[in-house]
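Now for the letters of each chain:
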Protein chains: 2
Amino acid sequence: MEKKIPYKIYLEESEIPKQWYNVRADMKNKPAPLLNPGTLEPMKAEELGGVFCEELVKQELDNDTAYIDIPEEIHDFYKMYRPSPTIRAYYLEKLLDTPAKIYYKFEGNNTSGSHKLNSAIAQAYYAKKQGLKGVTTETGAGQWGTALSMACSYFGLDCKVYMVKCSYEQKPFRREVMRTYGASVTPSPSMDTNIGRKINADHPGTTGSLGCAISEAVEVATSNDGYRYVLGSVLNQVLLHQSVIGLEAKAALDKYGVKPDIIIGCAGGGSNLGGLISPFMGEKLRGEADYRIIAVEPASCPSLTRGKYAYDFCDTGMVCPLAKMYTLGSNFIPSPNHAGGLRYHGMSSILSQLYDDGYMEATSVKQTEVFEAAEMFARVEGILPAPESSHAIRVAIDEALKCKETGEEKTILFGLTGTGYFDMVAYEKFHNGEMGDYIPTDDDLKASLDTLPKVDK
Amino acid sequence: MEKKIPYKIYLEESEIPKQWYNVRADMKNKPAPLLNPGTLEPMKAEELGGVFCEELVKQELDNDTAYIDIPEEIHDFYKMYRPSPTIRAYYLEKLLDTPAKIYYKFEGNNTSGSHKLNSAIAQAYYAKKQGLKGVTTETGAGQWGTALSMACSYFGLDCKVYMVKCSYEQKPFRREVMRTYGASVTPSPSMDTNIGRKINADHPGTTGSLGCAISEAVEVATSNDGYRYVLGSVLNQVLLHQSVIGLEAKAALDKYGVKPDIIIGCAGGGSNLGGLISPFMGEKLRGEADYRIIAVEPASCPSLTRGKYAYDFCDTGMVCPLAKMYTLGSNFIPSPNHAGGLRYHGMSSILSQLYDDGYMEATSVKQTEVFEAAEMFARVEGILPAPESSHAIRVAIDEALKCKETGEEKTILFGLTGTGYFDMVAYEKFHNGEMGDYIPTDDDLKASLDTLPKVDK
């Protein structure tokens with residue numbers, strides 16, 4: 001007899017993963033290395049060490065070790081909010097009247113409101129261990145900044161956050177959460193840095209972008225003793241830390257003998273998607289199992305579906321190393337009216353390579369459809385989702401409705417990365433019918449793609 | 001050997017209580033009955049039925065049945081967000097360097113952000129079962145209105161919320177959450193009702209009070225076919241539904257053989273405190289165990305510590321029945337600068353009687369001290385607490401610090417009723433040093449207490 005599956009599957013505290021899983025170890029085609037923007041040669045550990053913490057550089061460059069121990073101090077912090085529940089969407093299934101079985105891994109039950117805390121605490125720990133005074137970073141929607149401020153507060157580190165100006169203005173409450181945890185928050189582009197002043201001069205009235213904010217945070221980290229820069233997505237190390245999401249989700253499903261047919265995640269820089277899929281992708285790469293894996297991105301910022309797979313700058317100021325990734329060009333800035341997050345111009349090198357190798361699919365969805373799905377989900381599942389997460393909800397619903405047509409009982413797993421409590425301005429626009437879709441034209445994309453650096457790799 | 005206690009104790013889904021516990025059954029001195037404001041005779045079921053749903057009237061009047069079955073439909077909904085965790089505050093203990101063992105029952109992991117959902121879903125269910133079109137209510141900080149809008153959305157009921165004007169203005173995002181769940185939200189006092197127009201005329205520029213909003217909601221319910229009024233606190237029925245908090249907390253602690261010495265809850269109308277303490281109070285009333293039980297109220301609205309135990313109106317408009325309770329007078333309005341919630345002028349009749357009989361203590365705390373405790377807690381426990389809940393945190397910290405002085409290893413349990421994500425305006429004031437304590441003078445209290453109705457009971 002099938003074991004009755006509860007609404008929420010909670011693992012025991014003792015089942016929080018003790019090791020992260022590094023999907024690169026199972027990739028035949030490794031993600032392309034970061035390049036020095038001057039020499040176009042692969043970045044060496046000592047070069048990266050000027051920007052990033054030592055141990056994180058090791059993790060960034062390690063394409064071979066499959067499992068990496070989670071230090072006890074990080075594991076202790078994980079106990080504050082992990083294991084996170086894997087939830088069977090019984091209410092949503094009923095509403096859709098679908099034979100599909102829908103599960104979601106919910107990462108929003110912590111004050112940062114998202115999965116970002118999983119990597120923030122790791123990065124803060126390694127900074128502390130190295131004896132640093134503090135770290136700098138950028139934040140878009142504010143989830144990463146909040147997560148990092150919580151992590152830094154825990155280890156007594158200084159935390160300087162550069163927040164994309166349009167989010168800073170749309171989400172003043174996020175700033176107060178970060179201040180509650182003792183962080184300083186500056187709208188980007190600011191007048192505090194060389195690159196900020198330059199961007200403000202070149203683009204008067206700009207509402208900022210993640211790329212700008214990264215440039216500012218890197219400049220501050222590299223020009224202040226005892227500081228390093230940390231990043232909440234895109235990097236290999238971040239996907240490594242986020243593997244706890246997938247490891248827990250897989251362990252929870254395994255307990256009930258459930259195997260997903262389709263795994264869906266929203267994708268901005270790739271941290272959530274990469275983390276969620278990692279153990280499943282590992283099985284797929286090793287030929288042990290097959291899964292349909294779908295990356296969902298906003299039609300406003302479609303790096304996988306409309307970008308190029310090429311070396312590009314990670315930041316607008318072009319001070320960072322070059323990464324090979326699906327990109328829209330480092331000076332691409334999505335419409336400030338796009339409220340759904342996932343605004344980064346490029347995609348994690350790991351995911352880009354996996355996508356290029358055909359191990360996963362990608363699709364893009366329009367903002368208004370995303371908010372329709374968000375509201376539908378909130379009403380029946382009782383969780384008001386972040387706009388980011390709602391991209392995955394949209395596609396999960398669409399796939400479940402396809403099952404309704406075909407009668408197939410597919411099992412769908414998606415990542416519910418966070419809650420939307422700080423996104424009510426966007427929900428208000430949606431309720432008032434003032435929300436559009438803001439899709440870049442081919443000419444828009446061509447203009448930014450034309451700025452890609454010329455690299456023969 | 002002592003069983004290692006995890007950070008978070010989660011019960012199984014199958015351990016969600018199947019029955020509510022009615023503490024009145026174990027009280028020798030029953031709470032005083034509601035009185036008809038005209039005849040001053042106890043309200044009969046048929047009279048109450050014009051305002052409240054039938055089944056809820058039965059629960060309101062039932063002083064004898066100790067356990068009442070939770071209908072399956074409500075139990076199904078509880079599975080959406082219950083069982084809620086009972087958390088060992090290891091991080092806070094370490095920060096305080098106290099020998100005390102601190103636990104808290106956390107009710108904030110749902111979109112309404114608080115425990116209010118426990119009663120909202122019950123009240124919506126009975127309204128639906130009675131074939132009503134919808135319900136009306138008031139909301140202060142917005143937690144109850146949000147909870148009710150979620151519950152009504154689940155059962156397809158119309159939901160009309162009258163929101164205290166100062167909260168409506170301070171918390172616009174709450175309104176959008178309620179709209180996400182399809183509720184209509186009106187700032188109170190409004191110009192839509194007779195009583196609202198009268199209050200606006202008598203007190204131009206008033207920022208409203210729970211008492212005003214209740215009067216408006218009751219007027220709308222009684223003058224529209226197919227509507228009834230529902231209330232999120234104070235009433236006996238609400239404390240009954242909220243007993244799930246205490247039942248789960250006790251079950252979780254019992255699993256580890258833990259017995260609290262001190263139980264602490266914030267108290268506005270009494271719904272959380274009454275729910276949290278109910279099974280413990282039951283043991284105390286039956287002489288099976290002893291617990292020190294502390295109600296914490298804001299110094300801005302000190303009904304237990306500075307009010308009178310007397311019959312009073314439940315609302316400003318004096319349209320509701322009279323309740324015997326600790327009260328500050330039905331026209332008492334706390335300073336609009338008081339941001340900490342818990343603004344109701346009276347206290348649950350059950351808790352008032354228990355307090356009067358000496359079964360519990362009460363204390364009041366100042367707003368700035370409450371926010372200091374909130375920030376301290378957020379930084380180490382990772383949960384940004386609601387200002388309401390932070391009243392309990394303040395006293396839990398103070399008691400733990402006393403243990404540090406005396407070396408006593410007391411076990412403290414407190415109720416963490418919810419999260420403060422919609423209270424960032426108040427946190428911002430606190431961060432900017434713009435927050436005061438707003439304690440009413442003796443003259444203020446005398447003025448409102450002088451308006452108590454003359455009832456010889």
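Further up the page is the structure itself.
Residues numbered from 1 in each chain as written. Chains lettered and ligands numbered in written order. Predicted model: local features only at pLDDT ≥ 70, side-chain atom pairs only at ≥ 80, totals over all residues. Heavy atoms only, no water.

*Asks:* Looking at this model, I keep getting lost on the packing of aromatic side chains. Mind explaining?
*Replies:* Each aromatic ring pair is summarised here by two numbers: the centre-to-centre distance and the angle between the ring planes. Residue and element names in this part refer to chain B. Counted by the stated rule, this structure contains 43 aromatic pairs over all chains. Judged by centre distance (5.9 Å) and plane angle (50 degrees), the ring pair of Tyr125 and Phe155 falls under tilted. A residue pair is termed long-range when its members are at least 10 positions apart, and Tyr125 in helix 5 (residues 117-129) and Phe155 in helix 6 (residues 143-155) qualify at 30 residues. You can call Tyr125 buried: its relative accessible area is 10%. Under the relative-accessibility criterion, Phe155 is labelled buried at 13%. (Phe/Tyr/Trp six-rings, centres within 6.5 Å; stacked < 30°, edge-to-face > 60°. Helix = DSSP H or I, 4+ residues; strand = E, 2+ residues; numbered from the N terminus. Buried < 20%, exposed > 50% of the residue type's maximum accessible area, 1.4 Å probe, protein only.)

*Asks:* Help me understand the sheet that holds strand 9 (residues 227-229) of chain A in this model?
*Replies:* Each strand in a sheet pairs with another by means of backbone hydrogen bonds, the pair being arranged parallel or else antiparallel. All names here are of chain A. Overall, parallel pairing links the four strands, which are arranged 8-7-6-9 in an open sheet. One side of each edge strand has no neighbouring strand; the edge strands of this open sheet are strand 8 (184-188) and strand 9. Neighbour-to-neighbour, the strand axes of this sheet turn through a mean angle of 25 degrees, independent of strand direction. Running over the sheet, helix 6 (residues 143-155) touches strand 6 (134-139) and strand 7 (158-164) and is turned about 165 degrees from strand 6. Strand contacts of helix 10 (residues 210-222): strand 6, strand 7, strand 8 and strand 9, with the helix running at about 170 degrees to strand 6, the strand carrying the most contacts. (Pairing = 2+ DSSP bridges. Axes fitted to C-alpha atoms, helices over the stretch in contact; angles between N-to-C directions. Contact = heavy atoms within 4.5 Å.)

*Asks:* When you look at unusual backbone geometry in this model, what are you seeing that I'm missing?
*Replies:* With the exception of glycine, the majority of residues adopt a negative phi angle, and the majority of peptide bonds are in the trans configuration. Residue and element names in this part refer to chain A. Residue Pro83 follows Arg82 across a cis peptide bond; omega there is -5 degrees. One can find Pro83 in the loop between helix 3 (72-78) and strand 4 (86-88). Although it is not a glycine, Leu40 adopts a positive phi angle of roughly 60 degrees. Leu40 gets classed as partly exposed once you look at its relative accessible area, which sits at 26%. Positive phi, close to 70 degrees, is recorded for Val234, a residue that is not glycine. Among the secondary structure elements, Val234 is positioned in the loop between strand 9 and helix 11 (236-255).

*Asks:* I would appreciate a short explanation of the sheet that holds strand 14 (residues 361-365) of chain B in the present structure.
*Replies:* All names here are of chain B. Sheet architecture is open: seven strands sit in the order 1-4-5-15-10-11-14, paired in mixed fashion. Both edges of this open sheet fall to strand 1 (8-9) and strand 14, since each of them pairs with a single strand only. Pairing between strand 4 (residues 86-88) and strand 5 (residues 101-106): three bridges, direction antiparallel. Bridging from a neighbouring strand, Arg88 pairs with Tyr103 of strand 5. Set on the sheet, helix 12 (residues 271-285) makes contact with strand 5, strand 10 (262-266), strand 11 (292-298) and strand 15 (411-416); between it and strand 10 the angle comes to about 155 degrees.

*Asks:* How do you make sense of the interface of chain A and chain B when you look at a structure like this?
*Replies:* With 43 residues of chain A in contact, the opposing surface of chain B contributes 43 residues. The contact between chain A and chain B buries some 4,000 Å² in all, and 56% of this surface belongs to carbon and sulfur atoms. Of all residues in chain A, the largest losses of buried area upon contact with chain B belong to A:Phe173, A:Thr180 and A:Tyr421, amounting jointly to 17% of the total for that side. Scanning the region where chain A abuts chain B turns up two salt bridges. Residue B:Glu428 pairs with A:Arg175 through a salt bridge whose shortest N-O separation is 3.2 Å. Taken together, chain A and chain B are joined by 28 residue pairs in polar contact (both at pLDDT 80 or more). Contributions of two or more residues to the side of chain A that touches chain B are made by helix 3, helix 6, helix 8 (172-180), helix 15 (367-381) and helix 17 (424-431) of chain A. Broken down by element, the side of chain A that touches chain B gets its largest block of residues, six residues, from helix 8 of chain A. Its residues placed into classes, the side of chain A that touches chain B shows 22 nonpolar, nine polar and twelve charged. (Buried area = accessible area lost by both parts, 1.4 Å probe. Salt bridge = Lys/Arg side-chain N within 4 Å of Asp/Glu carboxyl O. Polar contact = N/O pair within 3.5 Å; in protein donor to acceptor, adjacent residues only side chain to side chain. Nonpolar A, V, L, I, M, F, W, Y, C, P; charged D, E, K, R; others polar.)

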